[in-house]
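# What the coordinates show
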Protein chains: 4
Amino acid sequence: MTVLGQNQYGKSEVRVLKVTRDGATHHVKDLNVSVALSGDMDEVHLSGSNAHVLPTDTTKNTVFAFAKEHGIASAESFGILLARHFVTGQEAVTSARIRIEEYAWQRIDTPGEDRHSFARENQETRTAQVTFDGSGWSVLSGLKDLVLMNTTDSEFHGYVKDRYTTLPETRDRILATEVNARWRHAWCDEAEPAPDWDDSYRRTRAHLLAAFAGTYSFSLQQTLYAMGAAVIDSGPGIDEIRLSLPNKHHFLVDLDPFGLKNDTPDGAVYFAADRPYGLIEATVLRDGAEPAIPVDLTNLP
Amino acid sequence: MTVLGQNQYGKSEVRVLKVTRDGATHHVKDLNVSVALSGDMDEVHLSGSNAHVLPTDTTKNTVFAFAKEHGIASAESFGILLARHFVTGQEAVTSARIRIEEYAWQRIDTPGEDRHSFARENQETRTAQVTFDGSGWSVLSGLKDLVLMNTTDSEFHGYVKDRYTTLPETRDRILATEVNARWRHAWCDEAEPAPDWDDSYRRTRAHLLAAFAGTYSFSLQQTLYAMGAAVIDSGPGIDEIRLSLPNKHHFLVDLDPFGLKNDTPDGAVYFAADRPYGLIEATVLRDGAEPAIPVDLTNLP
Amino acid sequence: MTVLGQNQYGKSEVRVLKVTRDGATHHVKDLNVSVALSGDMDEVHLSGSNAHVLPTDTTKNTVFAFAKEHGIASAESFGILLARHFVTGQEAVTSARIRIEEYAWQRIDTPGEDRHSFARENQETRTAQVTFDGSGWSVLSGLKDLVLMNTTDSEFHGYVKDRYTTLPETRDRILATEVNARWRHAWCDEAEPAPDWDDSYRRTRAHLLAAFAGTYSFSLQQTLYAMGAAVIDSGPGIDEIRLSLPNKHHFLVDLDPFGLKNDTPDGAVYFAADRPYGLIEATVLRDGAEPAIPVDLTNLP
Amino acid sequence: MTVLGQNQYGKSEVRVLKVTRDGATHHVKDLNVSVALSGDMDEVHLSGSNAHVLPTDTTKNTVFAFAKEHGIASAESFGILLARHFVTGQEAVTSARIRIEEYAWQRIDTPGEDRHSFARENQETRTAQVTFDGSGWSVLSGLKDLVLMNTTDSEFHGYVKDRYTTLPETRDRILATEVNARWRHAWCDEAEPAPDWDDSYRRTRAHLLAAFAGTYSFSLQQTLYAMGAAVIDSGPGIDEIRLSLPNKHHFLVDLDPFGLKNDTPDGAVYFAADRPYGLIEATVLRDGAEPAIPVDLTNLP
């Protein structure tokens with residue numbers, strides 16, 4: 001005998017671009033939106049009856065239509081509109097999760113008054129996840145693909161050594177990582193005013209960079225915690241952050257066989273390795289907060 | 001004030017190939033192993049002290065050394081060896097999670113007696129995840145990247161229609177998906193004999209394919225449930241399965257403008273779309289079993 | 001003063017699936033088709049006049065319509081139909097190049113008489129490129145993504161040593177590669193009967209595998225040449241082949257620090273490396289043939 | 001009977017990072033270097049004799065050693081050093097081609113005097129290709145992955161219509177592309193002073209952006225030509241440029257079924273499509289220059 005457990009469905013990766021014209025000045029919002037709905041869906045699994053199923057095609061149409069009807073003030077606020085629509089509009093739908101990636105564009109400087117030319121930034125991908133179950137809200141903001149590096153002020157020593165340990169200790173190494181982060185906003189009640197999502201994103205990103213750059217590091221775990229704590233301590237808006245930081249190893253090349261001494265003041269040569277890589281992951285919480293961000297942000301093996 | 005929440009670390013994506021020679025016949029095991037350790041790790045996050053930290057480099061060395069010392073009977077059994085080693089060998093480590101991808105190779109037929117030539121199969125990637133907390137075991141097996149298609153016996157109609165619904169109903173469509181599946185073995189106590197992991201994998205895979213091909217489908221949810229139930233009902237070894245099935249849409253091309261009638265007995269022409277795609281996800285459980293597989297198998301947005 | 005040089009345009013990556021029904025037995029052809037047209041196109045570049053431009057959207061429509069009207073006997077024959085259509089149908093178009101990737105599907109065994117369930121093979125991608133300039137034809141067939149490995153019968157020594165050489169010689173190593181191959185058919189005149197393209201593909205693929213597996217190798221160059229010569233020598237149909245073979249390095253892991261001796265009869269443990277990799281590329285020709293396949297098959301750096 | 005045609009070999013994708021310290025201010029160069037050597041290499045293909053073969057491992061070592069010995073002034077100048085070394089240092093090597101990708105890093109603003117923290121830019125990848133045959137030099141610079149968009153000032157009409165044409169004409173569309181460009185420097189003789197490669201890159205990139213943004217477009221071909229001509233016309237240093245511009249289609253969504261009028265002054269909603277896509281490719285030359293850049297910059301199908 002089998003039973004149905006947690007289930008969700010919807011359209012993933014709806015690529016929507018909204019262009020708004022303010023005279024000769026254009027503004028763009030470029031999103032990748034994924035909808036996942038849950039609720040009273042036993043029948044469709046057991047018998048194939050679609051009587052409770054809003055087609056995924058309809059959820060796609062809704063994304064496009066809402067971009068027109070309501071605009072896209074920010075990824076988070078757009079997700080809130082969509083989640084509320086599906087939960088309040090469909091009796092069978094009791095929970096909705098909207099995931100959004102946002103791609104940033106910068107203006108190309110042009111002579112004249114027209115402002116309609118853009119280059120995609122690509123430095124990072126901003127993310128948002130909004131979950132609504134009909135009463136409470138959960139909003140996670142985040143970023144991924146942001147590659148950071150300190151070329152000094154990183155040591156690694158004093159660690160456990162067992163039979164399989166061969167790594168030499170080091171007092172000066174490169175520390176590089178690709179930041180995957182999600183943070184949970186304290187806001188969960190529509191009766192309260194919502195944060196300024198874009199401003200919150202900019203400040204959080206700045207805290208992450210400043211903490212990465214400003215921490216004299218004895219381990220990537222220490223740097224991770226400093227980054228997370230910087231975000232939580234910066235104000236009351238964010239209660240939890242999850243960071244997944246691959247250690248992008250840069251190994252000092254052995255140049256001794258060629259009669260060369262590496263790592264001298266005039267320059268050090270490193271091999272940037274791909275795999276394997278250390279992977280450091282942790283949650284940092286405001287004291288007293290309950291953890292609610294899933295542990296695995298990525299599906300790396 | 002901030003506190004440390006769940007955390008884990010280790011080396012990811014250790015690519016190990018083991019070649020065993022039985023006279024002129026060679027056997028290969030090709031794995032991608034990722035180690036994640038948890039335990040008494042507050043200090044390294046708070047002060048950077050590595051006194052409890054076994055380096056990720058050591059966990060990598062251990063993977064290679066264990067492949068030599070113990071061999072690789074199967075992905076699951078190799079993961080069990082590794083997880084037990086880290087938890088029992090390091091006082092500070094209280095839990096270990098080993099994730100493995102396995103790549104299959106098929107022999108190239110050759111004249112003579114030598115059997116040392118192989119072509120990689122690539123049809124799917126087999127996965128295994130072993131978690132050990134010092135007392136209980138959790139073993140998840142799985143597969144991904146397996147693309148399946150039924151060219152008929154799939155309908156979709158009778159669904160909810162709201163203001164944004166434009167999708168026409170259909171009595172005959174293509175049903176294609178890329179299977180992402182993880183299933184949890186009932187085995188969790190070392191005192192009990194472990195399953196034959198490879199045989200279990202082969203049978204589970206066969207059940208998934210048979211259920212996909214054999215289900216006359218009114219929705220992908222129904223097909224998903226049939227696939228999951230086929231696995232659970234096939235015997236007592238597996239208590240839970242999670243399936244994540246993107247709906248790889250194939251749209252019938254409108255050939256009317258060219259005076260052509262599509263979808264006639266002599267052939268139908270479809271456009272294979274990339275994005276967006278429906279994404280159908282659900283857990284199927286043995287009645288009475290507690291769900292333990294994480295909901296999100298992939299990090300698709 | 002500037003002038004226009006070589007130019008081409010068209011729709012790339014048209015993903016077309018054709019399903020043909022023979023009673024309860026279905027057959028599928030799954031292609032990715034790219035069209036590139038050249039000709040009298042100066043004006044569109046210089047002034048933006050589209051008077052000579054067949055829209056890329058039309059070339060896409062043509063791919064779908066031709067799949068219906070003419071069927072897809074093989075990738076090569078479908079490319080020939082398309083190339084002829086564009087060159088003979090558009091006065092301004094003097095040359096057409098059709099590139100096709102073909103994805104193979106295998107049947108899922110099912111009880112009963114229905115034969116409409118498939119699993120994608122994924123082992124390799126078959127390719128075809130057809131070029132027509134109004135008189136002569138050039139047909140290149142090929143494959144990519146096929147990963148091969150010999151676990152012995154490969155040596156590497158006797159090479160040049162300079163100041164920067166540190167590699168030790170070896171008498172037994174793994175030889176693994178990912179085959180990228182394109183071969184040019186002798187057929188170029190429509191007055192001559194065309195080859196059986198599918199049969200030619202199967203035989204060529206078999207020759208490549210047999211030569212890879214059957215060559216006792218002192219260098220990957222030698223294996224490459226043996227693979228190419230096996231194809232050319234197998235009969236009169238193919239005059240030239242280009243092979244691009246990355247050396248997928250598998251390094252024997254140093255287990256001495258752990259008191260283990262690697263590479264003993266009971267098993268050797270290798271690290272499968274990603275980057276950097278050796279890249280060996282060459283053309284093999286029938287004596288007297290003129291080379292016509294471009295040198296760079298891939299855009300790897 | 002078979003003969004050996006064009007062949008080349010070397011190590012691909014050597015990932016080298018060079019860090020230079022100027023007191024507390026650090027500078028980084030981050031390259032991906034691929035070496036391809038040609039020459040008197042018949043024997044290694046025919047018999048497996050490596051007597052003329054400098055191992056690819058040695059070419060890798062040379063990249064690292066040269067980064068230390070000579071520094072990395074620019075991608076192009078580093079490629080020149082390497083190409084000269086292989087051709088002049090190895091009797092059997094008569095030609096060398098060095099391909100380089102360069103990844104840009106921007107400084108993270110930090111308080112204090114330390115300047116050793118960086119974020120990877122990711123907006124584009126800079127490329128360089130240096131070829132040397134013992135007498136003449138060919139230097140190609142380039143970029144890829146740069147995504148540009150004009151949200152207006154693009155029309156498309158007046159094109160050829162045949163039986164398969166259904167595309168409606170438009171007087172206002174989005175024009176977006178991902179720039180793949182390579183340009184050939186006039187410099188080919190070491191007796192002449194070499195260009196300032198970094199300055200040349202910055203100016204060329206600026207011309208490409210200005211021409212893309214500043215061209216009122218009736219076709220992507222016209223925009224492409226304007227971009228190429230802007231580079232050639234900007235001065236005597238560059239004689240040829242090849243551009244490969246995928247048309248990243250953004251389709252106006254049909255919102256009529258929802259009673260919404262799209263593309264009004266307050267905002268237009270587009271679907272950003274992946275495949276298929278138009279692909280426009282052309283070479284622009286200084287009048288009188290001989291084309292020397294290969295036609296296919298990418299291996300897109």
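Attention in this report is confined to the structure presented alongside it.

Rules used throughout
Residues numbered from 1 in each chain as written. Chains lettered and ligands numbered in written order. Predicted model: local features only at pLDDT ≥ 70, side-chain atom pairs only at ≥ 80, totals over all residues. Heavy atoms only, no water. Contact = heavy atoms within 4.5 Å. Buried area = accessible area lost by both parts, 1.4 Å probe. Salt bridge = Lys/Arg side-chain N within 4 Å of Asp/Glu carboxyl O. Polar contact = N/O pair within 3.5 Å; in protein donor to acceptor, adjacent residues only side chain to side chain. Helix = DSSP H or I, 4+ residues; strand = E, 2+ residues; numbered from the N terminus. Nonpolar A, V, L, I, M, F, W, Y, C, P; charged D, E, K, R; others polar. Pairing = 2+ DSSP bridges. Axes fitted to C-alpha atoms, helices over the stretch in contact; angles between N-to-C directions. Left-handed = near helix turned anticlockwise from the far one by under 90°. Patch = residues over 30% accessible without salt bridge, like charges linked within 9 Å, V, L, I, M, F, W, Y side chains within 5 Å. Areas by Shrake-Rupley, 256 points an atom, 1.4 Å probe, with all protein chains shown as cover. Lys, Arg positive; Asp, Glu negative; His and termini not counted. Charge placed at Lys NZ, Arg CZ, Asp CG, Glu CD. Buried < 20%, exposed > 50% of the residue type's maximum accessible area, 1.4 Å probe, protein only. Expected span 1.5 Å × (residues − 1).

On the chain A side, the residues contacting the 57 residues of chain D number 57 residues. Carbon and sulfur atoms make up 58% of the surface buried where chain D meets chain A, a total of about 5000 Å² over both sides. The largest share of the area that chain D buries against chain A comes from D:L17, D:K68 and D:M149, three residues that together contribute 14% of it. Where chain D touches chain A, the interface holds two salt bridges. Note that D:R21 is salt-bridged to A:D172, the shortest N-O span being 3.0 Å. Between chain D and chain A we count 28 residue pairs in polar contact (both at pLDDT 80 or more) in total. Taken together, the elements giving at least two residues each to the side of chain D that touches chain A come down to β2 (14–22), β3 (25–39), α2 (56–69), β5 (105–107), β6 (117–120), β8 (137–150), α4 (197–214) and β12 (268–272) of chain D. Per-element tally for the side of chain D that touches chain A: the top contributor is β2(D), with seven residues. Looking at the side of chain D that touches chain A, its residues break down into 27 nonpolar, 16 polar and 14 charged.

Turning next to the interface of chain B and chain A. Of the residues lining the interface, 83 residues belong to chain B; the matching set on chain A comes to 83 residues. Of the roughly 7200 Å² buried where chain B meets chain A, counting both sides, 51% is carbon and sulfur surface. Between the two partners, chain B and chain A, sit eight salt bridges. Residues B:R163 and A:E69 are paired through a salt bridge, measuring 3.1 Å at the closest nitrogen-oxygen approach. Going through the elements one at a time, β1 (2–12), β2 (14–22), β3 (25–39), α1 (42–46), α2 (56–69), β4 (93–102), α5 (220–233) and β13 (277–286) of chain B are the ones with two or more residues in the side of chain B that touches chain A. The greatest single-element share of the side of chain B that touches chain A, amounting to eleven residues, is contributed by β1(B). Classifying every residue of the side of chain B that touches chain A gives 33 nonpolar, 32 polar and 18 charged. Pairing of strand β13 (residues 277–286) of chain A with β1(B) involves nine bridges; the strand directions are antiparallel. The residue of β1(B) that forms the bridge with A:Y277 is B:S12.

Here we come to the packing of helix α4 (residues 197–214) of chain C against helix α5 (residues 220–233) of chain C. All names here are of chain C. Orientation of α4 relative to α5, taken along the N-to-C sense of each, is 145°, at an axis distance of 8 Å. Crossing handedness for the pair α4 and α5: right-handed. Counted together, T204, H207, L208, A211 and F212 of α4 and T223, A226, M227, A230 and V231 of α5 form the full contact between these two elements.

It is worth spelling out a negative patch on the surface at this point. The grouping of A:D40, A:D42, A:E43 and A:E91 at the surface amounts to a negative patch. Take A:D40: it is sitting in the loop between β3 (25–39) and α1 (42–46).

Residues and elements named next belong to chain D. In this structure, S217 sits in the loop between α4 and α5 (220–233). Look at S217 and you get buried, because its relative accessible area is 1%. Excluding anything up to four places from it in sequence, S217 contacts D153, S154, E155, L175, Q222 and T223.

In this section: the pairing of strand β6 (residues 117–120) of chain A. Neither face of β6(A) is left uncovered, since the one carrying A:S117 and A:A119 and the one carrying A:F118 and A:R120 both have all their residues buried. One ladder, built from three bridges, connects strand β5 (residues 105–107) of chain A with β6(A); its direction is antiparallel. Its bridge partner lying in β6(A), A:R107 is registered against A:F118. Strand direction decides the pairing type here: β6(A) and β8(D), joined by three bridges, are antiparallel. Following the sheet pairing, A:F118 is matched in β8(D) by D:M149.

Here the focus is α5(C). Here α5(C) spans 20 Å end to end across 14 residues, near enough to the 20 Å set by a 1.5 Å rise per residue. Summarising burial for α5(C): eleven of the 14 residues are buried, a large majority. Looking at α5(C), one finds that the buried residues are C:L220, C:Q221, C:Q222, C:T223, C:L224, C:Y225, C:M227, C:G228, C:A229, C:V231 and C:I232. Lining the buried residues of α5(C) we find β9 (175–185), α4, β10 (238–247) and β13 (277–286) of chain C together with β1 (2–12) and α1 (42–46) of chain D.

Further remarks concern the pattern of salt bridges. Residues and elements named next belong to chain A. Enumeration over the complete set of coordinates arrives at 80 salt bridges over all chains. As a salt-bridge pair, D30 and R15 come within 2.8 Å of each other at their nearest N and O atoms. Of this pair, D30 sits in strand β3 while R15 sits in strand β2 (residues 14–22), placing them 15 residues apart in sequence. Overall, R15 belongs to the buried group, its relative accessible area being 6%. We note a salt bridge from D198 to K29, for which the minimum N-O separation is 3.8 Å. Of this pair, D198 sits in helix α4 (residues 197–214) while K29 is found in strand β3, placing the two residues 169 residues apart along the sequence.

Quick look at the environment of C:P291 now. Residue and element names in this part refer to chain C. For P291, the position within the fold is in the segment after β13. With relative accessibility at 52%, the residue P291 sits in the exposed group. Remark: the alpha-carbon pair of P291 and E190, spanning 101 residues in sequence, is separated by 21 Å. Residues within four places of P291 in sequence aside, it is in contact with E240 and L285.

In this model α4(A) runs 25 Å from its N-terminal to its C-terminal C-alpha over 18 residues, within 8% of the 26 Å that 1.5 Å per residue would give. Taken together, the buried positions of α4(A) are occupied by A:W197, A:D198, A:S200, A:Y201, A:T204, A:R205, A:L208, A:L209, A:A211, A:F212 and A:A213.

Further remarks concern the pairing of strand β10 (residues 238–247) of chain B. Residue and element names in this part refer to chain B. Of all ten residues that make up β10, ten are buried, and the element is covered over most of its length. Pairing of strand β9 (residues 175–185) with β10 involves seven bridges; the strand directions are antiparallel. Looking at β10, one finds that R184 is bridged to E240. As judged from the eight bridges shared by β10 and β13, these two strands associate in the antiparallel manner. Counted as the bridge partner of N247 is G278 from β13.

Right, let's talk about unusual backbone geometry for a bit. For the peptide bond that leads from B:R275 to B:P276, omega is -10°, which places it in the cis range. Structurally, the position occupied by B:P276 is in the loop between β12 (268–272) and β13. Phi is positive for A:N122, which is not a glycine, with a value near 70°. Tracing the backbone shows A:N122 in the loop between β6 and β7 (125–132). Residue classification places A:N122 among the partly exposed residues on the basis of a relative accessible area of 23%. One non-glycine residue, B:D145, adopts positive backbone phi at about 75°. Its location among the elements puts B:D145 in strand β8 (residues 137–150).

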